[in-house]
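One-letter residues, chain by chain:
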Amino acid sequence: MSVKKIKVLCVDDSALIRSVMTEIINSQADMTVVGTAADPLVARDLIKVTNPDVLTLDVEMPRMDGLEFLEKLMRLRPMPVVMVSSLTERGSEIALRALELGAIDFVTKPRLGVRDGLLNYTELIAGKIRTAASARLRPAATARQGGDAPQESLLRSPLLSTEKLIIIGASTGGTEAIREVLQPLPPDSPAVMIAQHMPAGFTRSFAQRLDGLCRITVKEAEHGERVLPGYAYIAPGGFHLSLARSGANYVAHLDQEPPVNRHRPSIDVLFDSAAKHAGKNAIGIILTGMGKDGAEGLLRMRRAGAHTLAQDEASCVVFGMPREAIALGAVDDVSPLAEVSRRVLTHLRTFGERANRV
């Protein structure tokens, strides 16, 4: 019985990149390249002819910018797109904007030895294409809208301890999901710690982008810094982020121990540390993503007394990680993405009022 192959169209102005991507994709039993294009205008015509399942798209090309093409594509003919980005500050900013416009994921071009470098990424590239082919597309308008959770202060009365923490894990589709969770949080929100699967070189741009959109301060975590209310700390690409204690204070711990669940940063590493050091003072949130990273850590958080939430299937780009956490019994509440912040704020207020009565 023949398996229906994922049809891929590769768009890149570099003949070398097009050749290597074709080699990588055609080496996989479940996918095939149905066409290549050197610019978006050629790609536009090929899409009509080949009807691909997934598009790989360079971010910087002649005749039409990759972002401009992506925006038009997601408006007129939405389809799963994996961006191909250079590992530069500009490349990371463009890749993040592409995710905002509706791209599913991105891969980075090596700076040196492009052919060998990309071939070393064969399984990574193939995995991202498989994920994209099965992902749920977000409407383009959703990618540009902010959250609509209530704009209220949590700490206007002394109900909440500054010990409370919000701990978030996400992967594919997570950059936009995290934005939707963080934007409604008030400036006096409990501290937030985030593990998002993202390569080194991109998390700083991601943090800066969120910092300009949110009322809390968003930054890359630094080793040994205090974890404070009103701040969100993002694990730098290539580092595990953990919660630690220094006397009475929470502090961020970074290390480059081996990957866990094939990831560094790993969500399980962050969740395990929150279970150990924050217990019932933590809220654990697992968002969209492929695989199972974070599921067991969220279960350990729940067993330690934390309140736990998972994004629901309908609002996930990829339901893998939340599904695994729910199946393990790690989740107290399954929530649409648009409701996550509201439910977190409601839980915090309820917790504070209960503690005040005691």
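Residues numbered from 1 in each chain as written. Predicted model: local features only at pLDDT ≥ 70, side-chain atom pairs only at ≥ 80, totals over all residues. Heavy atoms only, no water.

Asks: I'd like to hear about the pattern of salt bridges, residue by residue, with values.
Replies: Applying the stated criterion across every chain yields a total of 15 salt bridges. We note a salt bridge from arginine 245 to glutamate 163, for which the minimum N-O separation is 2.9 Å. Separated by 82 residues along the polypeptide, arginine 245 in strand 10 (residues 240-246) and glutamate 163 in the loop between helix 7 (140-144) and strand 6 (165-170) bring together distant segments of the chain. Note that aspartate 333 and arginine 343 form a salt bridge whose closest N and O atoms lie 2.8 Å from each other. A residue pair is termed long-range when its members are at least 10 positions apart, and aspartate 333 in strand 14 (residues 333-335) and arginine 343 in helix 13 (residues 337-357) qualify at 10 residues. Residues joined by salt bridges that share partners form a network here, namely Arg97, Glu100 and Arg209. (Salt bridge = Lys/Arg side-chain N within 4 Å of Asp/Glu carboxyl O. Helix = DSSP H or I, 4+ residues; strand = E, 2+ residues; numbered from the N terminus.)

Asks: Can you break down the pairing of strand 13 (residues 307-311) residue by residue, with the values?
Replies: For strand 13, a buried count of 5 out of 5 residues is recorded, marking the element as mostly surrounded by other parts of the structure. Burial along strand 13 is two-sided: the face carrying His307, Leu309 and Gln311 and the face carrying Thr308 and Ala310 are both buried. Where strand 12 (residues 282-286) and strand 13 come together, 4 bridges link them in parallel fashion. Looking at strand 13, one finds that isoleucine 283 is bridged to histidine 307. Once you follow strand 12 into helix 11 (residues 295-303) and on to strand 13, the crossover reads as right-handed. Once you follow strand 13 into helix 12 (residues 320-328) and on to strand 14, the crossover reads as right-handed. (Buried < 20%, exposed > 50% of the residue type's maximum accessible area, 1.4 Å probe, protein only. Pairing = 2+ DSSP bridges. Right-handed = clockwise from strand over helix to strand, strands pointing away.)

Asks: Could you give an account of the sheet that holds strand 12, naming the residues involved and the relevant values?
Replies: Note: strands within a sheet are paired through backbone hydrogen bonds, in either parallel or antiparallel orientation. The 7 strands lie next to each other as 8-9-7-6-12-13-14, forming an open sheet whose pairing is parallel. The sheet is open, and its two edges are formed by strand 8 (217-220) and strand 14, each paired on a single side. On average, each strand axis in the sheet is tilted by 20° relative to the strand beside it, whichever way the strands run. Contacting strand 6, strand 7 (191-196), strand 8, strand 9 (231-234) and strand 13, helix 8 (residues 174-182) crosses the sheet at an angle of about 170° to strand 7. (Axes fitted to C-alpha atoms, helices over the stretch in contact; angles between N-to-C directions. Contact = heavy atoms within 4.5 Å.)

Asks: Would you mind going over the pairing of strand 10 in detail, with residue names and values included?
Replies: Burial runs high along strand 10: 5 of the 7 residues are buried. In the sheet, strand 10 pairs with strand 11 (residues 249-255) via 7 bridges, with the strands oriented antiparallel. What sits directly across from alanine 244, in strand 11, is valine 251. Hairpin geometry of strand 10 and strand 11 is characterised by an intervening segment of 2 residues between the two adjacent antiparallel strands and by a positive phi of about 65° at glycine 247.

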